[in-house]
Amino acid sequence: MAAPEIRICPNCGSRNKQGWEYCARCGEDLHNVPVGESAATVVMEAPDEDEGPSTSWLGLIGPIVAIGLVAYAATRMHRTSGPVRPDPNIFSIPTLPPPTAAARPDPRMPGQDAYEEGLSLFRQGDLAGAARAFARAVGDAPDRGDYHNAYAKALIASDGPAAETIRQFEEAIRLDHGTAAYVVDLARAYDKLGRGDEAAATYARVLEASPGDTNALHELAGLNLRAGRPEAALPYLKRLVAVNPDDLVVQQELGAAAEKAGDREGAKQAYEGVLQKFPQAAVTRGLLAEIFINEGRNNDAVALLRAGVEADPNAALIHRTLASALERTGNVAAAVREYREYARLNPDAPDAKAMADRAARLEARVAQSS
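The shown structure was predicted, so the numbers you read here are calculated from the model rather than taken from an experiment.

Rules used in this analysis
- Residues numbered from 1 in each chain as written.
- Predicted model: local features only at pLDDT ≥ 70, side-chain atom pairs only at ≥ 80, totals over all residues.
- Heavy atoms only, no water.
- Core = buried A, V, L, I, M, F, W, Y, C linked by side-chain atoms within 4.5 Å.
- Buried < 20%, exposed > 50% of the residue type's maximum accessible area, 1.4 Å probe, protein only.
- Helix = DSSP H or I, 4+ residues; strand = E, 2+ residues; numbered from the N terminus.
- Contact = heavy atoms within 4.5 Å.
- 1 Å grid on protein atoms, 1.4 Å probe; cavity = no way out; pocket = protein on both sides within 12 Å on 5 of 7 lines; lining within 4 Å.
- Points joined across faces, edges and corners; volume = space filled by probe spheres on them.
- Nonpolar A, V, L, I, M, F, W, Y, C, P; charged D, E, K, R; others polar.
- Phe/Tyr/Trp six-rings, centres within 6.5 Å; stacked < 30°, edge-to-face > 60°.

Got a sec to walk through the nonpolar core? Specific residues and values, please.
Counting residues in hydrophobic clusters, the biggest one holds 65 residues, and the most contacted among them are Tyr203, Leu237 and Tyr339. Top element by residues in this core is helix α6 (residues 180-192). It accounts for seven residues. Setting aside residues no more than four positions away along its own chain, Leu237 makes contact with Ala221, Val250, Glu253, Leu254 and Ala257. Of all hydrophobic cores here, the second largest spans 15 residues; its members include Ala114, Phe134, Ala150 and Leu155.

Dropping the structure here:
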């Protein structure tokens, strides 16, 4: 049988076909290596031409472990008789010498340089420059949906042409088979452009394919709240809470929307749910106390706020909320103390001085009336 026409890599011992100019494993220059095979130097088989480069770390250490095991077997074969002890180096991976020639760099994909330039400019705040770079990336690689999507985002952020922005988003969706994140981006663009009906219809497309998509649910809720339709936002907020019951921000938004929609009981239930999981939620506690005051339950409102102070005495906001409730329910002397405590705990707040002055005015009013 004729000897295989191969070149043995002098660096790592891999077998390479005669026509290969560089070692398939380590990148060693093979131009000056003669054709032929030396059994003493063959260690690892080079991959077939149709086999892609492996990215698995197991695949990379496999040949190294093989070398270590061969060396270990040789020492066992030449060992003199005597008590057998385990070799402490059995499982160590030997360090291979560095290659004498650097491996060739991976080729750059079309449009990659322009795309990375666009990302860098976008992070720096140069939105127009980013859009120009992304446009070059799209020109170099028109079949990349992520390049089209990035270009569209840069256009909408830099107030670029609306028609081109929408076209780029739609092209990204077409190329990447309706990726939900890209559809949400298109809906946000419609929203920013003031095309609310088209934004809502686009979000609905996402929910048809993925009813639990949190981005689409949250954006639809926000779209309706901004349009003054809290009752229309409620179904989406309820679904968000069902998907992620631990998201207390969404649960508070549900309470606020319910309150605006006239569902006072729904609002109380949502706020109470937040406080059960996070008693330090000062804003939520204040919203619930406000409902109690509007219902004429002044004592319940004050008790609720005092419980908040006990839960977190150093939280300035709860002291201010309690002070307001005390003042409105007629307990002015106690309100004075809470206003001053708020100013003491939060002296750098924009309203700290105003609250301290209010305490002084209330105190003077009490003194005059006594």
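I'd like to hear about empty space enclosed by the protein, residue by residue, with values.
Scanning all chains against the criterion turns up one cavity of 30 Å³ or more. Space inside the largest cavity adds up to approximately 40 Å³. Along its surface, the largest cavity is lined by Pro279, Gln280, Ala281, Ala282, Arg285, Gly308, Asp312, Ala315 and Ile318. Residues belonging to the lining of the largest cavity are distributed by class as follows: five nonpolar, two polar and two charged.

So what's going on with the packing of aromatic side chains? Which residues, and what values?
The description of an aromatic ring pair rests on the distance of the ring centres and on the angle between the ring planes. For the structure on display, the rule yields two aromatic pairs. Taken together, a centroid distance of 5.7 Å and an interplanar angle of 50° make the contact between Tyr115 and Phe134 tilted. Here Phe134 lies in helix α3 (residues 127-140) and Tyr115 lies in helix α2 (residues 112-124), a separation of 19 residues in the sequence. Accessibility classification places Tyr115 together with Phe134 in one group, the buried group. Between Tyr115 and Tyr147, the aromatic rings sit 4.6 Å apart at their centres with planes inclined by 25°, giving stacked as the arrangement. Taken together, the residues span a long stretch of sequence, with Tyr115 in helix α2 and Tyr147 in helix α4 (residues 145-157) at a distance of 32 residues.

How would you explain the layout of surface pockets if you had to name every residue and give the values?
When its volume is computed, the second largest pocket comes out at roughly 160 Å³. Contributing to the lining of the second largest pocket are Lys238, Val241, Gln251, Leu254, Ala258, Asp263, Gly266, Gln269, Ala270, Glu272, Gly273 and Gln276. For the lining of the second largest pocket, the secondary-structure elements that each account for two or more residues are α9 (230-243), α10 (248-260) and α11 (264-277). Residue contributions to the lining of the second largest pocket peak at six residues, all from α11. Its residues assigned to classes, the lining of the second largest pocket shows four nonpolar, five polar and three charged.

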